[in-house]
Protein chains: 2
Amino acid sequence: MEKISVDIALVKQLQQLLEQNDDEQLQRLLDEMYPQDIAEILDRMKADEARHIMHLVDKEKAIKVLVEMEENVRENFLSSYSVKEIADEFIQNMDSDDAAYVLNNFSVKDKEDVISNLSDIEFASSLLSLLNYEEYTAGSLMAVELVKANINWSVSQCIEEIRRQAENVENIYVVYVVDDFERLTGIITLKNLILSNPTAHISDVYNDEVISVSTSTDSEEIANLFKKYDLVVLPVVNALGQLVGRITVDDVVEVIKEEANEDYQLMSGITEDVDSSDKVWVLSRARLPWLLIGLMGGVASSRFIEIYEEQLRIHPEMAFFMPLIAAMGGNAGVQSSAIVVQGLANNTLGTKNILPKIWKELRVGLLNGLICSLLLLGYNIAFSNSMNLSMTVSIALISVIVFATVLGTFIPLVLNKMKIDPAIATGPFITTTNDLLGLVVYFALGHLLYNVF
Amino acid sequence: MEKISVDIALVKQLQQLLEQNDDEQLQRLLDEMYPQDIAEILDRMKADEARHIMHLVDKEKAIKVLVEMEENVRENFLSSYSVKEIADEFIQNMDSDDAAYVLNNFSVKDKEDVISNLSDIEFASSLLSLLNYEEYTAGSLMAVELVKANINWSVSQCIEEIRRQAENVENIYVVYVVDDFERLTGIITLKNLILSNPTAHISDVYNDEVISVSTSTDSEEIANLFKKYDLVVLPVVNALGQLVGRITVDDVVEVIKEEANEDYQLMSGITEDVDSSDKVWVLSRARLPWLLIGLMGGVASSRFIEIYEEQLRIHPEMAFFMPLIAAMGGNAGVQSSAIVVQGLANNTLGTKNILPKIWKELRVGLLNGLICSLLLLGYNIAFSNSMNLSMTVSIALISVIVFATVLGTFIPLVLNKMKIDPAIATGPFITTTNDLLGLVVYFALGHLLYNVF
């Protein structure tokens, strides 16, 4: 099985074979492909083409393809099956975490219908409990399939148990050791199991150092544990300390990816998780809130500038540099807040002792502000703008950069204290605030300085 | 061993024990802690305190602590050791990828000195070759420690080999199967090994489906393979197809994290990888380039507005809405480019057929622009601004939002075609461009409409 790169040529080739009804050749091609690649191709095909292809894919692989498909493609595909068929042919054969993931997109009624049609009652009841956990918790991420051994067993008994469960659990990284009350007490790696004497007791060879989480642990905290302790798999226990499931690193990679996407969208002023294939009005709705906040900020600044209408009539040149001042405030503010937000997200930033941080940012702001305003002063003098205007613009610029830099540090720290996601501060919020702030400083200074120089 | 949460109280407790010279109690505490937690604490301590603590940590754990420390803390710590000691006591006992990672921060001379002092020549030569691989390639990420078995061996021979190598390789997920020329031909999982008859041949039980990369494969591509195929470990082969190393998922999680950070910084106009603990001038230098580009944009807009000086003198109210128009252009542009950049990064966006995408964004822009400009028109009429101004501002606003939306889609697609990281487009670049664009539209329209209404 070679990893085939999914490209337009391959999609075209498959479509051609579909048209020619060359099922034999199609099947040969599909046998060579990974489920993830087949899913990627089906995402780009029409519903009937996808259905035809799925029929040609080997049963076990088809189930993996189904899990990997995009949500709407899967929905479309499943819509031609009865609830009974969905339960028997697909859900029944999935890992519990995958089954829960697929069912989560069903309506409450369909969900219950499918589960009540499952022939394996034990599996059905695990699924029910998995579906009850809140989203973004350990309970919603875990699978119930795992291999566990009682601490009083021998190594050979443990190997026998692995043999028994081998069919259900695809990747066994470790065997969990539990006591008579099913409470997690340690782990034993497959390596240790292979190297141990078969007659030895688990209690002699197991490792009692095990990091675990409870079913209610937040997904972000779980991701941090995986990152920090280089984990591959993490056991989940209930309130009694009993082993109820395990989370594997692939699910966590998904969480890390989603988190990064979320921050990215927050930062660009998009309030819903959208992608470019969504409908126009969904895309529009996701963006509108921040545009409206920007609009309010703009209206506020217009009210403010109005105060200086007379000054603008006499010195219309004041208006020339308004966009420069506003934009520079926005840029400097976003830069500082980005560094703070990142530090908070990576836990490299203590949240105590805010003052030294503000003081440091103040110096960064002063340095950058000084460089920018001196350059601007040089430009203005060279292009013979009036001394009044040149001085006003440069003094306003350095003040705005310093203010924006300090505010950009302060706001995310305060938001974090208030338990609001600080990433919001790097988005249009800080741009809007700093735009307005910049203008206030600019006009106040202009009013003052025009009477001085 | 309990996972102890690292907080200020714990650091204080350790410092107190240090002052009291209570090594016994200290050691007891340290024995209970994970290396990652000890490293986190040492990062917050003074150099002499850190050294004292490291002496109390068990040797094997101390090596892991050293790898997990922050770069400057490690440098400080190692500065009190001779090159010979660094080689013998630390580097020699590390995994090859960790050793290469630590040595990478040494000067060329120190690096060579340490390597030539290693007593294990085989390890030294692997290290030399690892250090020669380019950064951000499979070669620089991989470790050479792995367990491999010849395809002609029996299962029991393979288990013997695991026993032999068990000390060197901490986490064995799979055994790689190679032919007589050391070429990778497949894998066998530990589970299969346990379940197989010891007298069976590897060739009968191994799996010839294996995804591998070459030493020169880019780290971003590697991260995508791990994400897509839910991998835990990935073998690396040289140009001849010979197995030379393996990459584990923890290193890839690091890559994914770094990538997200990079995008985030690009987007906020920071050009170097900095964090809040860096020196003032480093922080300043990382931010200055985009501030200067913003400054140039601002100067350009001032030159442009100057053209309309006379109009501003007669109608200073035109200036009131300048910041609103500029800011809304910036916001709308960043929103569209963020969606495109994300689509490109996640490979969910084809790069062919740009026109339908632009057309869709055009409709989103029209919809949002219409809503915003109608609201603004309502406001302006309610607060009895002149009809001239009200109409100009609203027509300018919808035009700017539409232009900015389309440009925000177009620019990242073009940058991507030019092999430039499109994430740059969501940063100050698009804000600056759209600020300027917004003003051009606004004044051009204003000039026109003031003669109409």
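Reading the values: the criteria
Residues numbered from 1 in each chain as written. Chains lettered and ligands numbered in written order. Predicted model: local features only at pLDDT ≥ 70, side-chain atom pairs only at ≥ 80, totals over all residues. Heavy atoms only, no water. Patch = residues over 30% accessible without salt bridge, like charges linked within 9 Å, V, L, I, M, F, W, Y side chains within 5 Å. Areas by Shrake-Rupley, 256 points an atom, 1.4 Å probe, with all protein chains shown as cover. Salt bridge = Lys/Arg side-chain N within 4 Å of Asp/Glu carboxyl O. Helix = DSSP H or I, 4+ residues; strand = E, 2+ residues; numbered from the N terminus. Domains from an automatic or database assignment. Contact = heavy atoms within 4.5 Å. Buried area = accessible area lost by both parts, 1.4 Å probe. Polar contact = N/O pair within 3.5 Å; in protein donor to acceptor, adjacent residues only side chain to side chain. Phe/Tyr/Trp six-rings, centres within 6.5 Å; stacked < 30°, edge-to-face > 60°. Buried < 20%, exposed > 50% of the residue type's maximum accessible area, 1.4 Å probe, protein only. Least-squares fit on C-alpha atoms with pLDDT ≥ 70 in both. Pairing = 2+ DSSP bridges. Axes fitted to C-alpha atoms, helices over the stretch in contact; angles between N-to-C directions.

(A) The arrangement of a nonpolar patch on the surface in detail. Nonpolar side chains collect at one region of the surface, where Trp281 of chain A together with Leu367, Ile371 and Leu375 of chain B lie side by side and expose about 360 Å² of accessible area between them. Here the element with the most residues in the nonpolar patch is helix α20 (residues 354–382) of chain B; it accounts for 3 residues. Within the secondary structure layout, Leu375 of chain B lies in helix α20.

(B) Spatial organisation of the domain arrangement of chain A. Per the domain assignment, the segments making up chain A are domain 1 (8–140), domain 2 (148–262) and domain 3 (280–450). Once you take the C-alpha centre of each, domain 1 of chain A and domain 3 of chain A turn out to be 50 Å apart.

(C) Layout of the interface of chain A and chain B. Counting residues at the interface gives 112 residues for chain A and 112 residues for chain B. Approximately 10,300 Å² of surface area, both sides summed, lies buried where chain A meets chain B, with 66% of it carried by carbon and sulfur atoms. Put simply, chain A and chain B have 6 salt bridges between them. A salt bridge links Lys228 of chain B to Glu40 of chain A, with the nearest nitrogen and oxygen atoms 2.5 Å apart. Summed over the shared surface of chain A and chain B, the result is 23 residue pairs in polar contact (both at pLDDT 80 or more). A total of 18 residues in the side of chain A that touches chain B trace back to one element, the largest contributor, which is helix α17 (residues 280–306) of chain A.

(D) Looking closely at the packing of aromatic side chains. Residues and elements named next belong to chain A. Under the criterion given, the structure shown has 19 aromatic pairs over all chains. With a centroid separation of 5.0 Å and 25° between ring planes, the pair formed by Tyr308 and Phe443 is classed as stacked. Linking Tyr308 in the loop between α17 and α18 (309–314) with Phe443 in helix α22 (residues 428–449), this pair joins segments that are 135 residues apart in sequence. Here Tyr308 and Phe443 have matching classes, each one buried. Through pairs of rings, three or more aromatic residues link up here, namely Phe304, Tyr308, Tyr442 and Phe443.

(E) Examining the relation of the copies chain A and chain B more closely. In the superposition of chain A on chain B (RMSD 0.2 Å, axial shift 0.0 Å), the rotation amounts to 180°. A rotation of that kind, with that shift, is consistent with a two-fold axis. Among all residues of chain A, the one whose C-alpha sits closest to the rotation axis is Arg313 of chain A, at a distance of 2.6 Å. Both copies contact each other with a shared surface, as 99% of the interface residues of chain A are interface residues in chain B too.

(F) Main features of the pairing of strand β3 (residues 184–189) of chain A. All names here are of chain A. Pairing of strand β2 (residues 174–178) with β3, which is carried by 5 bridges, proceeds in the antiparallel orientation. Directly across from Val178, in β3, lies its bridge partner Leu184. Hairpin connection, β2 to β3: the antiparallel pair is bridged by 5 residues, and Glu182 has positive phi, about 70°.

(G) Here's a closer look at the sheet that holds strand β4 (residues 213–214) of chain B. All names here are of chain B. Taken in spatial order, the 3 strands line up as β4-β5-β6 in an open sheet, and their pairing is mixed. The open sheet is flanked by β4 and β6 (243–248), the only strands paired with a single partner. In terms of strand pairing, β4 meets strand β5 (residues 233–237) through 2 bridges, oriented parallel. Its bridge partner being in β5, Ser214 is matched across the sheet by Val237. Those strands touched by helix α15 (residues 219–229) are β4, β5 and β6, and its axis lies near 140° from that of β5.

(H) Looking closely at unusual backbone geometry. One non-glycine residue, Glu182 of chain A, adopts positive backbone phi at about 70°. Positive phi, normally seen in glycine, also occurs at Asp230 of chain B, with a value near 50°. Along the chain, the position of Asp230 of chain B falls in the loop between α15 and β5. You can call Asp230 of chain B partly exposed: its relative accessible area is 32%.

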